[in-house]
Amino acid sequence: MKIHLIIIVCLISKVILSQNKVLQKFETELKEIEISPQGLDDVVIENSKSKFIEIYLNTENIGQQNIVYKEFNNRVKIQFEIPYTKQEDEVFRKFITKGLHRANAIIKVPKNKLITVFGDEINLESKSYKGDLKIFIENGILKLHTIYANLEVKMYSGNLYATLNNGMIDVVSKNGKIKLNNVLVKQINQNNEAELGKEISIHSLNANIFLTTE
């Protein structure tokens, strides 16, 4: 009986230690927010219900991890310090279905800020953020939901999903496919002066882009 109890306690301890959560909350008057998602698999951007920026970091790595933010050149730069955990051999990385970093973050930002994201490979979801977005990544899945303000995306490959309502729209993917309301199109170039409330620019070499209109 004692042996069984020891095994159970060890298993519970392992689960608790393997799940780390960090919360950072702060206020800033600066309008530009720059996010570097290095070390993360997934990032979710939400509209904050307060005047604070809230960052929730979840990791499965054991060890110290930090959310680092600083004001620099009239913008707030947000980065993540996450300990590296050696994964399976590089040869077998392409067969791994779980995230390589096993870390994700939820970032809640007050509306009308300009958010810029620079990254290599990242999955990003914007839950209809009500502010300008600039996203520059190599590869990933972008789920942007409804676009309420200016949007600029440059990505090499991956998939992008978004809902458009109005604005000047410029969408190009050289080798990927573009679908507008489930209809395959070569590109989208809408320049209607009556709908110039915002500018939407999506440029890619290989990404597949799936757009719907309201």
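Residues numbered from 1 in each chain as written. Predicted model: local features only at pLDDT ≥ 70, side-chain atom pairs only at ≥ 80, totals over all residues. Heavy atoms only, no water.

Below, the discussion takes up the confidence of the model for the chain. When pLDDT drops low, the exact placement of atoms in the prediction is not to be read closely. Here the chain shows a mean pLDDT of 84. Residues at 70 or above account for 79%. Between residues 88-98, whose pLDDT stays under 50, and residues either more than four places distant or in other chains, the model counts 6 contacts. (pLDDT = per-residue confidence, 0-100. Contact = heavy atoms within 4.5 Å.)

Attention now moves to the packing of aromatic side chains. According to the stated counting rule, one finds 3 aromatic pairs in the structure shown. With centroids separated by 3.8 Å and ring planes inclined at 5°, the aromatic side chains of Phe26 and Tyr69 adopt a geometry described as stacked. Taken together, the residues span a long stretch of sequence, with Phe26 in strand 1 (residues 20-26) and Tyr69 in strand 5 (residues 66-72) at a distance of 43 residues. Looking at Phe26, the relative accessible area reads 6%, which means it is buried. Between Tyr161 and Phe210, the aromatic rings sit 5.1 Å apart at their centres with planes inclined by 15°, giving stacked as the arrangement. With Tyr161 in strand 11 (residues 151-164) and Phe210 in strand 17 (residues 208-213), the pair connects residues that are 49 residues apart, well separated along the chain. By relative accessible area, which is 34% here, Tyr161 ends up partly exposed. For Phe210, a relative accessible area of 23% puts it in the partly exposed group. Its guanidinium or amino end placed over the ring of Phe52, Lys25 lies 4.9 Å from that ring's centre, counting from NZ or CZ. Seen from the ring of Tyr148, Lys130 lies directly overhead, with NZ or CZ sitting 5.4 Å from the centre. (Phe/Tyr/Trp six-rings, centres within 6.5 Å; stacked < 30°, edge-to-face > 60°. Helix = DSSP H or I, 4+ residues; strand = E, 2+ residues; numbered from the N terminus. Buried < 20%, exposed > 50% of the residue type's maximum accessible area, 1.4 Å probe, protein only. Lys NZ or Arg CZ within 6 Å of the ring centre and 35° of its normal.)

Next up on the list: the pattern of salt bridges. As enumerated under the stated definition, the model contains 5 salt bridges in all. Of the charged contacts in the structure, one is a salt bridge between Glu27 and Lys51, with a shortest N-O distance of 4.0 Å. Of this pair, Glu27 sits in the loop between strand 1 and strand 2 (32-35) while Lys51 is found in the loop between strand 3 (42-47) and strand 4 (53-59), placing the two residues 24 residues apart along the sequence. With a relative accessible area of 38%, Glu27 lands in the partly exposed category. The residue Glu34 makes a salt bridge to Arg75 at a minimum N-O spacing of 2.9 Å. Of this pair, Glu34 sits in strand 2 while Arg75 sits in strand 6 (residues 75-81), and the two are 41 residues apart along the sequence. Take Glu34: its relative accessible area is 14%, and that puts it in the buried class. Look at Arg75 and you get partly exposed, because its relative accessible area is 26%. Each of the salt bridges in this network shares a partner with another, and the network as a whole consists of Glu32, Glu34, Arg75 and Lys77. (Salt bridge = Lys/Arg side-chain N within 4 Å of Asp/Glu carboxyl O.)

What follows covers the nonpolar core. Ranked by internal contacts, the top residues of the largest apolar core, which has 45 residues, are Phe80 and Leu160. The element contributing the most residues to this core is strand 11, with 6 residues. Among residues more than four places away in sequence, those in contact with Phe80 are Ile35, Ser36, Gln38, Leu40, Ile55, Leu57, Asn66, Ile67, Ala105 and Ile107. (Core = buried A, V, L, I, M, F, W, Y, C linked by side-chain atoms within 4.5 Å.)

On to the pairing of strand 6. In strand 6, alternate side chains face the same way, and those of Val76, Ile78 and Phe80 are buried while those of Arg75, Lys77, Gln79 and Glu81 on the opposite face are not. Judged from the 7 bridges that link them, strand 5 and strand 6 form a sheet pairing that is antiparallel. By the bridge assignment for strand 6, Ile67 is matched with Phe80. The antiparallel pairing of strand 5 with strand 6 creates a hairpin that spans 2 residues between the two strands, and Asn73 there sits at a positive phi of about 50°. (Pairing = 2+ DSSP bridges.)

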